[in-house]
Amino acid sequence: MFALPKLDYEYDSLVPHFSKEILEVHHGKHHQIYVDKLNTVMESLPAFQNKTIEELIGNLNEVPEEFRTAVKNFGGGHYNHSLFWNFLSPDGGGEPSGELIKAIVEKYGSFQQFKDEFTTRALSIFGSGWLWLMPNLSIVVSANQDSPINGGLPAPILGVDVWEHAYYIDHKYNRAEYINAWWQLVDWAGVEKRYKFYL
Ligand code: MN3
């Protein structure tokens, strides 16, 4: 059975950038619902119950067709959100350092240019989805609860949830305001650790 991951911080630790209320709803309700629905689907898939979430959504073609969409959506919801919480820190924000900043500057010209491009891409996603930074520092979009690992790509090293449920309580329709708040929480030390893991 899959379980809602415990956060490394409290629901009120990300204030003022993310409110306690949005964490309560986004982690405590939305993410929990993906876990519950995934577990319900898994009851019909006894042969898959020992698989990790990565094995499950990274090999969707092995899942019987009648359950595939449900596993992709609820499994992806669980996987994507588990990454998302881990990308944030009460001590986050600012700029990366070390090998990562060097590589970002090499690819994008400057940290600001990278940030502008990532922000523009996040704002241009129509409807619900995710924007990811991949280990090779390319920027990848996923619709709905799809994930880069569905298509055999490695796990992203950073990403932002642009579903309205991620920001409506704090910012109503204003995704730009939310993305700006999100930048203040990015745990760059963790991003750099994952970046170096793939080097
Ligand atoms: Mn979400």
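A quick note: this is a predicted structure, and the numbers were derived from the prediction, not measured.

**Looking at the pairing of strand β1 (residues 129-133)**
Counting buried residues along β1, five of its five residues qualify, which places the element largely inside the surrounding structure. Alternating positions in β1 separate into two faces, Gly-129, Leu-131 and Leu-133 on one and Trp-130 and Trp-132 on the other, with burial throughout. Bridge count for β1 against strand β2 (residues 139-143) is five bridges, and the pairing is antiparallel. For Leu-133, the partnering residue across the bridge sits in β2 and is Ile-139. Two successive antiparallel strands, β1 and β2, enclose a turn made up of five residues, where Leu-137 displays a positive phi of approximately 70 degrees.

**Some remarks on the coordination of the manganese ion**
Geometry reference: four tetrahedral donors at a metal, ideal angle 109.5 degrees. Six octahedral donors, ideal angles 90 or 180 degrees. Coordination sphere of the manganese ion, protein contribution only: His-26 (NE2), His-81 (NE2), Asp-161 (OD) and His-165 (NE2), at 1.9 to 2.1 Å. Here the donor residues for the manganese ion map to a single chain with the spacing H-x54-H-x79-D-x3-H. Remark: Asp-161 occurs in strand β3 (residues 158-161) and His-26 occurs in helix α1 (residues 20-42); sequence separation between them is 135 residues. Both residues of the pair, His-26 and Asp-161, count as buried.

**Some details on the packing of aromatic side chains**
Enumeration according to the criterion identifies 15 aromatic pairs in this entry. Ring geometry for Trp-130 against Trp-132: centres 5.1 Å apart, planes inclined by 5 degrees, an arrangement best described as stacked.

**So, the pattern of salt bridges**
For the structure on display, the rule yields four salt bridges. Residue Glu-192 is joined to Lys-196 by a salt bridge in which the shortest nitrogen-to-oxygen separation is 3.9 Å. Of this pair, Glu-192 and Lys-196 both sit in helix α8 (residues 188-198), separated by four residues, roughly a single helical turn.

**Some details on the domain arrangement of the protein chain**
When the domains of the protein chain are assigned, the result is domain 1 (20-86) and domain 2 (98-197). The distance between the C-alpha centroids of domain 1 and domain 2 comes to 21 Å. Contact with domain 1, which involves 20 residues of that partner, is made by 23 residues of domain 2. Across the interface of domain 1 and domain 2, roughly 1700 Å² is buried in total on both sides, 57% from carbon and sulfur atoms. Looking only at domain 1, the three residues that lose the most surface to domain 2 are Ile-22, Asn-80 and Phe-84, adding up to 34% of its buried area. Between the two partners, domain 1 and domain 2, sit one salt bridge. The residue Asp-146 makes a salt bridge to Lys-72 at a minimum N-O spacing of 3.1 Å. Seen at the junction of domain 1 and domain 2, the total is 10 residue pairs in polar contact (both at pLDDT 80 or more). Mapped by element, the contributors of at least two residues to the side of domain 1 that touches domain 2 are α1, α2 (53-58) and α3 (65-86). For the side of domain 1 that touches domain 2, the leading source of residues is α3, giving 10 residues. In the side of domain 1 that touches domain 2, the residues fall into eight nonpolar, nine polar and three charged.

Calculation criteria
- Residues numbered from 1 in each chain as written.
- Predicted model: local features only at pLDDT ≥ 70, side-chain atom pairs only at ≥ 80, totals over all residues.
- Heavy atoms only, no water.
- Buried < 20%, exposed > 50% of the residue type's maximum accessible area, 1.4 Å probe, protein only.
- Helix = DSSP H or I, 4+ residues; strand = E, 2+ residues; numbered from the N terminus.
- Pairing = 2+ DSSP bridges.
- Donors = N, O, S within 2.8 Å, 3.2 Å for Na, K, Ca; no water.
- Phe/Tyr/Trp six-rings, centres within 6.5 Å; stacked < 30°, edge-to-face > 60°.
- Salt bridge = Lys/Arg side-chain N within 4 Å of Asp/Glu carboxyl O.
- Domains from an automatic or database assignment.
- Contact = heavy atoms within 4.5 Å.
- Buried area = accessible area lost by both parts, 1.4 Å probe.
- Polar contact = N/O pair within 3.5 Å; in protein donor to acceptor, adjacent residues only side chain to side chain.
- Nonpolar A, V, L, I, M, F, W, Y, C, P; charged D, E, K, R; others polar.

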